[in-house]
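Next come the chains, spelled out residue by residue.
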Amino acid sequence: MANEYPQVMTIAGSDSDGSAGMQADMNTFFAREVYGISVLTACVAGNSYGIHAAQPLTTDFIDAEFKAIADDFHVLASKTGMLTDKQTIETVTKNYKQYHFGPLILDPVIITKHGAMLLEADAYETLKTLLVPLATVITPNFFELQKLADMEIHTDADMITAAKKIQAMGAKNVVAKGAHHIGGDLKEVKDLLLLESGEKVWLSEPYHDTEHINGTGDALSACITAEIAKGQSITVAVTTAKKLVNQAIEHELAVGHKYGPINIWQMRV
Ligand SMILES: Nc1ncnc2c1ncn2[C@@H]1O[C@H](COP(=O)(O)OP(=O)(O)O)[C@@H](O)[C@H]1O
Ligand SMILES: Cc1ncc(COP(=O)(O)OP(=O)(O)O)c(N)n1
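Residues numbered from 1 in each chain as written. Chains lettered and ligands numbered in written order. Predicted model: local features only at pLDDT ≥ 70, side-chain atom pairs only at ≥ 80, totals over all residues. Heavy atoms only, no water.

1. A closer look at a nonpolar patch on the surface
And step 1. On the surface, a nonpolar cluster with roughly 310 Å² of combined accessible area is contributed by Tyr5, Tyr35 and Phe73.
And step 2. Locating Tyr5 in the fold gives a position in the segment before β1 (7–15). (Patch = residues over 30% accessible without salt bridge, like charges linked within 9 Å, V, L, I, M, F, W, Y side chains within 5 Å. Areas by Shrake-Rupley, 256 points an atom, 1.4 Å probe, with all protein chains shown as cover. Salt bridge = Lys/Arg side-chain N within 4 Å of Asp/Glu carboxyl O. Helix = DSSP H or I, 4+ residues; strand = E, 2+ residues; numbered from the N terminus.)

Have a look at this one:
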């Protein structure tokens, strides 16, 4: 029977090494047993050593992808990834408002953990004003949190202040990642979930000392998207994603010669 299987969508760039971007999103959707649909925004040429080149797709082509999906599928939840520039953000916003693609999980990809910039600096304001207000969940990493909230973060209290600032921009629920960058204790990795109600939940998992952590942010936001599409609450979806990404980091996958991917097969259980 048509349209019975949970369908989710990623609006993201392709990462040629398979570790991050659309590839990580689709692998995560598969692992979490939802059907993944994709709007490709850009292509990245890279490998485990880093990113070599990036090419955005035209806005006309992105429009055509959205239309094709809207004409045929019943998307229950969606997520964003790499959006490159102002024009792409404007196009994504226009399409998101025009069609029905369910709750938006906004992964505000600005920079990878190895320092590659995936969003042009003059697009940060556009991201804040157009897409942040549409987000049911936003998942900034430590750098993105500071950029979006326009403040430095040194303490847990700063994390909370920054998350509240992003909520004030219109995002309903904020997952502020990477509190382990604060202080020297690397036994655990802590993220803050600031819920729409104002409740704060600290999510903690063991820290793993490995270089194979490409795509963690993508897998986390894709897993949240999948769990929400399956009907889970925000708290359960985020807690499940945090636990499963941790499992995928713990059982690392050795492919490539430098910074490898996480092991998304571990996210099936
Ligand atoms: N070395 C690590 N060990 C355990 N968890 C980690 C490690 N590095 C990142 N994480 C977790 O992976 C998730 C994604 O966070 P992060 O890597 O900061 O995002 P991004 O990929 O967007 O930069 C977070 O839940 C974070 O706590
Ligand atoms: C095409 C593409 N999109 C996103 C990323 C970054 O992925 P993310 O999981 O947010 O960050 P890292 O864990 O890879 O730092 C990417 N590399 N390529």
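2. Considering helix α2 (residues 59–70)
And step 1. The end-to-end C-alpha distance of α2 is 16 Å, a good match for the 16 Å that 12 residues give at a rise of 1.5 Å each.
And step 2. Of the positions making up α2, those classed as buried are Ile62, Glu65, Phe66 and Ile69. Down the axis of α2, the buried side of the element spans an arc of 95°, and every buried residue falls inside it.
And step 3. Lining the buried residues of α2 we find β1, β2 (35–47), β4 (75–80) and α3 (86–98). (Expected span 1.5 Å × (residues − 1). Buried < 20%, exposed > 50% of the residue type's maximum accessible area, 1.4 Å probe, protein only. Arc of directions from axis to C-beta. Contact = heavy atoms within 4.5 Å.)

3. Quick notes on the side chain of Lys177
And step 1. Residue position: Lys177 is located in the loop between β7 (173–176) and β8 (188–194).
And step 2. In this structure Lys177 is buried but unpaired, with Asp107 as the nearest side chain of opposite charge at 4.0 Å.
And step 3. At a separation of 3.1 Å, a polar atom in the side chain of Lys177 contacts the main-chain carbonyl oxygen of Thr139.
And step 4. Look past the residues within four positions of Lys177 in its chain and what remains in contact with it is Asp107, Thr139, Pro140, Asn141, Phe142, Met159, Asp191, Gly217 and Leu220. (Lys, Arg positive; Asp, Glu negative; His and termini not counted. Polar contact = N/O pair within 3.5 Å; in protein donor to acceptor, adjacent residues only side chain to side chain.)

4. Comments concerning the layout of surface pockets
And step 1. Estimated volume of the second largest pocket: approximately 220 Å³.
And step 2. Along the walls of the second largest pocket sit 13 residues, with Asn27, Leu253, Ile262, Ile264 and Trp265 positioned nearest its centre. (1 Å grid on protein atoms, 1.4 Å probe; cavity = no way out; pocket = protein on both sides within 12 Å on 5 of 7 lines; lining within 4 Å. Points joined across faces, edges and corners; volume = space filled by probe spheres on them.)

5. Concerning the pairing of β4
And step 1. Taking burial as the measure, the 6 residues of β4 include 5 buried ones, the bulk of the element.
And step 2. Both β1 and β4 contribute to a ladder of 5 bridges, which runs parallel. Looking at β4, one finds that Ile11 is bridged to Thr80.
And step 3. As paired strands, β4 and strand β5 (residues 104–106) are joined by 3 bridges and run parallel to one another. Paired with Ser78 across the bridge in β5 is Leu104.
And step 4. Read from β4 through α3 to β5, the crossover connection turns out right-handed. (Pairing = 2+ DSSP bridges. Right-handed = clockwise from strand over helix to strand, strands pointing away.)

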